[in-house]
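For reference, the chains in residue letters:
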Amino acid sequence: MHRPEDRPALPIRRRTHLRATAITIALGVVMFTVGAVGLSPSGSSTPDTPTSTAPSTGPARGIEALRERVKRLPKDPVSWADLGAALVQQARTTADQATYAQAEAALRRSLALQPVENLHAEIGMGALAAARHRFRDALTWARKAVATSPATPASYGVLADAHTQLGQYQEAEEAVQKMADLRPDGSSLARASYAFELRGDTGRAKDLMERALRAAGTPGERAFAHTHLSSLALDSADTADALRQALAGLAIAPTDPGLLEARAKARAGTGDHEQAVADYTAAIAAAPLPQYLLGLGELQESLGRPDLAEAQYAVLRAQETLRRAGDVPADTDAILFEADHGDPRQAVTMAQAAVRERPFLAVHDAYAWALHRAGRDGEALDESDQALALGTRSALFRYHRGAIHQALGDTTAARGDLRQALATDPSFHPLHAPEARAALRRIDDTP
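Note that the structure is predicted; figures quoted are calculated from it, not measured. Along each chain, residues carry numbers from 1 onward, in the same order as the chain's sequence is written. Local features in this predicted model are restricted to residues of pLDDT 70 or higher, and side-chain atom pairs are both shown and tallied only at a pLDDT of 80 or more, whereas totals for entire chains, interfaces and linings draw on every residue. Excluded from the side-chain calculations are hydrogens and water; all other atoms, namely the structure's heavy atoms, are used.

(A) Molecular detail of the overall build of the chain. Only DSSP runs of H or I covering at least 4 residues are called helices, and only runs of E covering at least 2 are called strands; the numbering of each starts at the N terminus. Summing up its helical and strand segments, the chain has 23 helices and 0 strands in all. Accessibility here uses a 1.4 Å probe with only protein chains present; expressed as a share of the type maximum, an area under 20% marks a residue as buried, one over 50% as exposed, and anything in between as partly exposed. In the chain, which comprises 447 residues, the share counted as buried stands at 59%. Across the chain, contacts joining residues at least 24 apart in sequence account for 62% of those joining residues at least 6 apart. All accessibility values rest on the Shrake-Rupley procedure with a 1.4 Å probe; residue burial counts only the protein chains present in the view. A total of about 17300 Å² of accessible surface is found on the chain, and carbon and sulfur atoms cover 52% of it. Residue contacts are counted whenever heavy atoms from the two residues lie within 4.5 Å of one another.

(B) Representation of the packing of helix α21 (residues 395-407) against helix α23 (residues 432-445) within the structure. Lines fitted to the C-alpha atoms define the axes, with helices restricted to the stretch that makes contact. Angles between their N-to-C directions range from 0 to 180 degrees. Contact geometry of α21 with α23 gives a least axis separation of 11 Å together with a crossing angle of 40°. Taken together, the axes of α21 and α23 are oblique relative to one another. α21 and α23 meet at a crossing whose hand is left-handed. Two secondary-structure elements touch here, α21 through L396, Y399 and Q406 and α23 through H432, E435, A436, A439, R442 and I443. Here roughly perpendicular refers to angles of 65 to 115 degrees, roughly parallel to angles under 35, roughly antiparallel to angles over 145, and oblique to all remaining angles. Helix crossings fall into two classes, left-handed where the near helix is turned counterclockwise from the far one by less than a right angle and right-handed where it is turned clockwise.

(C) Quick look at the nonpolar core. Core analysis: the largest hydrophobic core is formed by 45 residues, its most contacted members being I335, F397, Y399, L418 and F428. Of all elements in the fold, only α9 (186-198), α17 (332-341), α18 (344-357), α19 (361-373), α20 (377-387), α21, α22 (411-424) and α23 reach the threshold of two or more residues within this core. Sort the elements by how many residues they give to this core and α19 lands first, with 9 residues. Core analysis: the second largest hydrophobic core is formed by 33 residues, A154, A162, L213 and F224 among them. In these notes, a set of buried Ala, Val, Leu, Ile, Met, Phe, Trp, Tyr and Cys residues joined through side-chain atoms within 4.5 Å is what counts as a nonpolar core.

(D) Quick look at the pattern of salt bridges. In the sections that follow, a salt bridge refers to a side-chain nitrogen of Lys or Arg positioned within 4 Å of a carboxyl oxygen of Asp or Glu. Taken as a whole and judged by the stated rule, the model has 26 salt bridges. Where D241 meets R244, a salt bridge forms, and the shortest distance between an N and an O atom there is 2.6 Å. With D241 and R244 both in helix α12 (residues 239-252) and 3 residues apart, the pair spans about one turn of that helix. The exposure class assigned to D241 is buried, which follows from its relative accessible area of 9%. We note a salt bridge from D444 to R419, for which the minimum N-O separation is 3.8 Å. Here R419 lies in helix α22 and D444 lies in helix α23, a separation of 25 residues in the sequence. Taking the relative accessible area as the measure of exposure, R419 reaches 46% and is therefore partly exposed.

(E) How the structure looks around α23. Expected span of a helix, by definition, is 1.5 Å for each gap between consecutive residues, and there is one gap fewer than residues. End to end, α23 covers 20 Å across 14 residues, agreeing with the expected 20 Å (1.5 Å per residue, within 8%). Every buried residue belonging to α23 is among H432, A433, A436, A438, A439, L440 and I443, and all of these are buried. If you follow the buried residues of α23, they end up packed against α17, α19, α21 and α22.

(F) Spatial organisation of unusual backbone geometry. Despite not being glycine, E117 shows a phi value in the positive range, around 50°. Structurally, E117 is set in the loop between α4 (97-113) and α5 (119-131). Using a relative accessible area of 60% as the deciding quantity, one classes E117 as exposed.

(G) Examining the packing of aromatic side chains more closely. We call Phe, Tyr and Trp rings a pair once their centres come within 6.5 Å, taking the six-membered ring for Trp, and we label the pair stacked below 30 degrees between planes, edge-to-face above 60, and tilted otherwise. Following the criterion strictly, the structure yields 3 aromatic pairs and no others. Ring centres of Y313 and F337 lie 5.4 Å apart, and the angle between their planes is 50°; this geometry places the pair in the tilted category. Linking Y313 in helix α16 (residues 306-325) with F337 in helix α17, this pair joins segments that are 24 residues apart in sequence. Of the two residues, Y313 and F337, neither departs from the other in class, the shared state being buried. Between Y399 and F428 the ring centres are 5.8 Å apart and the planes differ by 40°, which places this aromatic pair in the tilted class. Placement of Y399 in helix α21 and of F428 in the loop between α22 and α23 is noted, with a sequence separation of 29 residues between them.

(H) How the structure looks around the confidence of the model for the chain. Scored from 0 to 100, pLDDT records how confident the predictor is in each individual residue. In this model, the chain carries an average pLDDT of 87, and 86% of its residues clear a pLDDT of 70 or more. The secondary-structure element of the chain with the lowest mean pLDDT is helix α1 (residues 20-29), recorded at 33, while α21 shows the highest, at 98. Confidence over residues 19-43 falls short of pLDDT 50; this stretch has 87 contacts with residues more than four positions distant or in other chains. Confidence drops under a pLDDT of 50 for residues 45-60, and excluding neighbours within four residues, the segment shows 62 contacts in the predicted structure.

Pasting the structure below:
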């Protein structure tokens, strides 16, 4: 299953704001090192974007080494901020809410020691808020960091991530451009790649991500770049390259769950379903994130194994119970799961709350699908149009709109969207891709 998560949601001017030529020339002149892979602008639990919020010493130091450092230097605000940032990254990888709480405690300890102009803690709090999908808080912290140090690239990375998720796309692109102007390294190049990907320019997105790979200074950054190059290959229906990129990343980071998911999608696209199941299972063992559980469950369902699918769905339902208890907005995967495998009316309620907090392209798509499944296709079409307003290459989004058009009786529009979905990625979803082909046959067979 391939979903391009976290795409911008609202229409913006078609002119490209990022100065890609300047970025390209600058990188051609000199290679830059990058910070550790950090928070994600992702709307679900993936994909990640590299940032410099983590300690400059990188993951080799480890959480325990940072804990030892704060024991030796209990009144050093930078040490506490570095520990907090590292814990944010660990929490994102493991999906452990307790680790997020530890990260917040460390960052707030840093702020207690240095309440103002504490750049490390401000960036760390922005990263934490974004990881928790509290993007308005992330924006506030990012603005504080920029005010503290206008020449620090990482501040603009957090700023760009928050603007993107809040549907403020021109502001996001301006922040990315500022970040690249200050230091066109892997972090800024990856964000620039993402900006072009959101607009459907996968060729330029791939070029920039390949440059980010060459600029990568750590194994984690190289693994990150391979993950996204694999995703971009699937957006171009190139399963062979998607698999090659995933394998290259796994050679660097054999247990990385994002890379295992990438290989699972590529293998599913080539018909290697059993190995895809194995990869999803390994990803879940590393981090039981919703998209991995849903990916495996729907793959098992497509293979005629309802009991094995239901085992994954049961975990998703348990996670949803915890989410509601914590009063956290639903992620896109949770909304789509509820729409397809639960109560579509409840999915609509979840999506309404989510889109208020995050007027983001992927959230609009999930909202559209929930409305469609609840029989509210007129409203669904408006949301689906929002999801595709930038021209993002998404087979799933196109399929969703095609199904909505078909339900509304517009077979011409439905045919166009369904054909484009399958042309973008013929294996975009283990359940919906066959449904798209069947829908096209019904349309074509209708006199």
